[in-house]
Amino acid sequence: MKVSENWLREWVNPSISSDDLVAQITLAGLEVDEVLPVASAFSGVVVGEIISAEPHPNADKLQVCQVSDGIEAFQVVCGAPNARAGIKISFAKIGAVLGADFKIKKAKLRQVESFGMLCSASELGLSDDHDGIMELPSSAKVGEDFRAFLGLDDQIIDVDLTPNRSDCLSVAGLAREVGVLNKTDVTPVNVIPAQVVIDDTFSVRVDAADACPRYLGRVVRGVDVSAQTPLWMVEKLRRSGIRSIDPIVDITNFVMLELGQPMHAFDLANLSGSVVVRMATAGEKITLLDGQEIALREDTLLIADEKTPLAIAGVMGGKGSGVNGETKDIFLESAFFTPLALAGKARSYGLHTDSSHRFERGVDATLQEKAIERATALVVEIAGGQVGPITHTVNKASLPEAAVVTLRRKKLDQYLAMSIDKDLVTDILTRLGLEMIEVTDEAWLTKAPSHRFDIAIEADLIEEVARIYGYDNLPSSMPQAAVNFTPLSETKAQIQVLRSILVSQGYQEAVTYSFIDPVLSKQFLPEIEPVPLANPISADMGVMRPSLVPGLVRAYLHNQNRQQSRVRLFETGRRFIGSVDALDKLDQQQQISGLIAGSRDAEAWYHNSEKVDFYDLKAHVEALFALNDGGKPSYEPSNCVFLHPGRSADIFVEGKFVGVMGELHPQLSKELGINQPLYVFDIALSAVLQASLPEYKAVSKFPEVRRDLALLVDRAVAVSELEKVILSSAGDALKSVLVFDVYQGQGIDETKKSVALGLTWQHPSHTLSDEEVNNSVEQTVAALFDQLGAVVRG
């Protein structure tokens, strides 16, 4: 909200500077966005009067005027179409400076000398109006400094209010705040009820009483719409960001800014039967004051007559019923609309008005009569007219009730970390408009004022006391609390450790959206119906992700499109499988997923640029399981639809499926535009968070013994099966099994493969003899033959 400082100080004038006033308002929670001067810088401009205006002898569009400054007359050549004898204007004398460096000098226009300039509003930085010179009221004193006459040594304070502080969307509301902050009395406008001279009324019927609990109307006949809006009102409107239109509209806008009550004036001649406050019917249309035609919805509150809609309640009036140049009689409206009835309605029609801004946030439900009396007095003063009585339509049951709130001394001291004197607290609350029902040493029982919709609970009163007392006056102290540290389980790894493991492998952590494109979800997991979002941000973020892999692949594509070919990414987060209709069956398992692509090592002169492969990915996956000695992963060929059928594996721990890894399916890579092999893993986070308790084992003092075996087995036999048989048959002294070669090709049956393994034995208490090792080897070879058909290659 924009407000003139001078206007604010008419209501409350504390003995502080403008800068201190602005700072004070901001510290009270009413943030000031900016402070602007009300006019551009100029000097040497006075109130002048045109004594005579004659046609220029050498130019059709110029006039030669004699202008008085109250002491002497000056000849001025002027091209303004409204320059004429008898009017008072802004006169820039010789030596006057307009703007930064435009200095008025003696000039000669078409052989006629000119001693000064008659100024338009735009030339003085007051508005964009440059159609003619600025005309001043006849009461202006000739010769008076123009800045002093209009009070231009003023500034516009632009206050950015939070939605809960609708009570400050007026000069009265801001003045109330400033008065409380400075313990200064506020001088409100004196509203005297208008003298009723006619009995004319216009019938009002409220059909939507819950949405409009109070509606006041008044007939004023014989108004002169052609009357000039006083300059003081035009200036106050201008400084609040509102353009002057005609005296009736200007008055309703002025009262809204002054008191906070939006109003509207209808042309009485265009109303039929009675005013009806009702909800719109489907298919109804209205042409608004701005000329656009709106198709109304059934949830829209209307002001109508017996024939047609007149206005969208609290938003904007209709074109057909508004005040115009032919208007003689008006019907003034002042109403209270409940905030919920109007919330979001203006935005839903692509509108935002000063009225809707206030009604949506809440207007004082007791303000309507004061506002209509204030507007009536101004109408009679400016445009004349005969006043009729006010028509009241009130539904008390739907009016908001003032909240009764108790503020406890104990809670106030606890939250503020100090104790404020009881009388000071009482004074603060009273100045804020709260009614003191009962005050004791332990508590204040209060009743919130009608203009404060945001006071409902004890915490609201504590906040009010804190901000008025001054946040900077409250003590600063470090928070203190007893902290009970939960011991970390040694059988569960911390996720930070897993992140460090992957970062050490060259990965970077990614954070992708939990919702993805439904099309992308189907491309990766066509058999899973993703969980849809009720209100998605956009069409390509319409479902919850059934896997973290699609998001990582999208992140890879973002890098690929920016010429980044070597990419390693990982992410931890939830994947969602199930239905929102059965929340107990909605699987939201935490996953850890990763992706690698490009060269194995960063580019350098000392190594080749070899590409990563399946076994690089496998090494990274096994590093995640390294903390769990007893839970080493095993692998089986995978049927995952988004992975390469021959270069992928399902991951198992202790026989339980925990995830997948492998190369992205070539067909899917082609569809997505990926230009190189991509390797991904997707594992249940709980599986890699399991850790083994470390156990002490003495280091053997005796030497190791190694035997190498080259085995011929069917190609379908997995190395992990060979390892299982060896571990179960080679004896307790077996220390490790290492696969160091796999061969398929010439010299071997095409259905077979050669697997070379290194077996290492070491006993903790003695040196193993050749006989002991040979016996273990024989047992192992026999078991391999019996269980897997493996034979030692000759």
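As shown above, the structure is provided for reference.
Residues numbered from 1 in each chain as written. Predicted model: local features only at pLDDT ≥ 70, side-chain atom pairs only at ≥ 80, totals over all residues. Heavy atoms only, no water.

S.K.: Before we move on, can you summarise unusual backbone geometry with the specific residues and values?
M.R.: Non-glycine residue A417 carries a positive phi angle of around 60 degrees. You can see A417 is positioned in the loop between α11 (409-416) and α12 (422-431). Classification of A417 by relative accessible area gives partly exposed; the value is 45%. A positive phi is found at E654, a non-glycine position, where the angle reads about 55 degrees. On the basis of relative accessible area, E654 is assigned to the exposed category, the value being 69%. (Helix = DSSP H or I, 4+ residues; strand = E, 2+ residues; numbered from the N terminus. Buried < 20%, exposed > 50% of the residue type's maximum accessible area, 1.4 Å probe, protein only.)

S.K.: I'd like to hear about a negative patch on the surface, residue by residue, with values.
M.R.: Together, E31, D33, E34 and D160 make up a negatively charged patch on the protein surface. Along the chain, E34 falls in strand β2 (residues 31-37). (Patch = residues over 30% accessible without salt bridge, like charges linked within 9 Å, V, L, I, M, F, W, Y side chains within 5 Å. Areas by Shrake-Rupley, 256 points an atom, 1.4 Å probe, with all protein chains shown as cover. Salt bridge = Lys/Arg side-chain N within 4 Å of Asp/Glu carboxyl O. Lys, Arg positive; Asp, Glu negative; His and termini not counted. Charge placed at Lys NZ, Arg CZ, Asp CG, Glu CD.)

S.K.: For the sheet that holds β2, give the residues involved together with the corresponding values.
M.R.: Strands sit in the order β1-β12-β2 across an open sheet of 3 strands; the sheet is antiparallel. Each of the sheet's edge strands pairs with one partner strand only, and the pair in question is β1 (2-4) and β2. Across the sheet, the axes of successive neighbouring strands diverge by a mean angle of 25 degrees, strand direction being ignored. Sheet topology places β1 next to strand β12 (residues 155-160); 3 bridges connect them, and they run antiparallel. Note that in β12 the partner of V3 across the bridge is I157. The strands touched by helix α2 (residues 18-27) within the sheet are β2 and β12, with β2 carrying the most contacts at an inclination of about 155 degrees. (Pairing = 2+ DSSP bridges. Axes fitted to C-alpha atoms, helices over the stretch in contact; angles between N-to-C directions. Contact = heavy atoms within 4.5 Å.)

S.K.: Please set out the sheet that holds strand β36 (residues 705-714) residue by residue, giving values where relevant.
M.R.: In spatial order, the strands read β37-β38-β36-β39; together these 4 strands make up an open sheet with antiparallel pairing. Either end of the sheet is taken by a strand with one partner, and the two such strands are β37 (734-743) and β39 (791-792). Relative to β39, β36 runs antiparallel, the two sharing 2 bridges. What sits directly across from L711, in β39, is V792. The strands touched by helix α20 (residues 719-729) within the sheet are β36, β37 and β38 (752-761), with β37 carrying the most contacts at an inclination of about 150 degrees. Relative to β36, helix α21 (residues 770-788) is tilted by about 15 degrees, and along the sheet it contacts β36, β38 and β39.

S.K.: I'd love a proper account of the packing of aromatic side chains, names of residues and values included.
M.R.: Following the criterion strictly, the structure yields 13 aromatic pairs and no others. Arranged with centres 5.7 Å apart and planes meeting at 50 degrees, the rings of F74 and F91 form a pair that is tilted. Here F74, found in strand β5 (residues 73-78), pairs with F91, found in strand β6 (residues 88-98); they are 17 residues apart in sequence, far enough to count as distant. F91 matches F74 in its accessibility class, with the two residues each being buried. Centroid distance F337 to F359: 5.0 Å. Interplanar angle 70 degrees. Geometry classified as edge-to-face. Linking F337 in the loop between β22 (330-336) and α7 (339-342) with F359 in helix α9 (residues 354-361), this pair joins segments that are 22 residues apart in sequence. For the residue pair F337 and F359, the accessibility class agrees, reading buried in each case. Aromatic rings pair up to connect W7, W232 and F254 into one cluster. (Phe/Tyr/Trp six-rings, centres within 6.5 Å; stacked < 30°, edge-to-face > 60°.)

S.K.: Account for the pairing of strand β24 (residues 404-408), naming residues and giving values.
M.R.: Residues V405 and L407 line the buried face of β24, whereas the alternating positions V404, T406 and R408 sit on a face that is not buried. Across 5 bridges, the pairing between β24 and strand β26 (residues 443-447) is antiparallel. Looking at the pairing, T406 lines up with L445 of β26.

S.K.: Account for the pattern of salt bridges, naming residues and giving values.
M.R.: As a working rule, side chains carrying opposite charge can pair if their charged atoms are close by. Tallied over the entire structure, the rule returns 42 salt bridges. The salt bridge involving E177 is made with R165; its shortest N-O contact spans 2.9 Å. On the criterion of sequence distance, the pair formed by E177 in helix α4 (residues 171-182) and R165 in the loop between β12 and α4 is long-range, its members being 12 residues apart. Look at R165 and you get buried, because its relative accessible area is 4%. Across the salt bridge formed by E373 and R218, the nearest N and O atoms sit 3.0 Å from each other. Of this pair, E373 sits in helix α10 (residues 368-383) while R218 is found in strand β14 (residues 214-221), placing the two residues 155 residues apart along the sequence. Accessibility assignment for this pair places E373 and R218 in one class, buried. Taken together, the salt bridges that share partners define one network made up of R165, D167, E177, R452, D454, E464 and R467.

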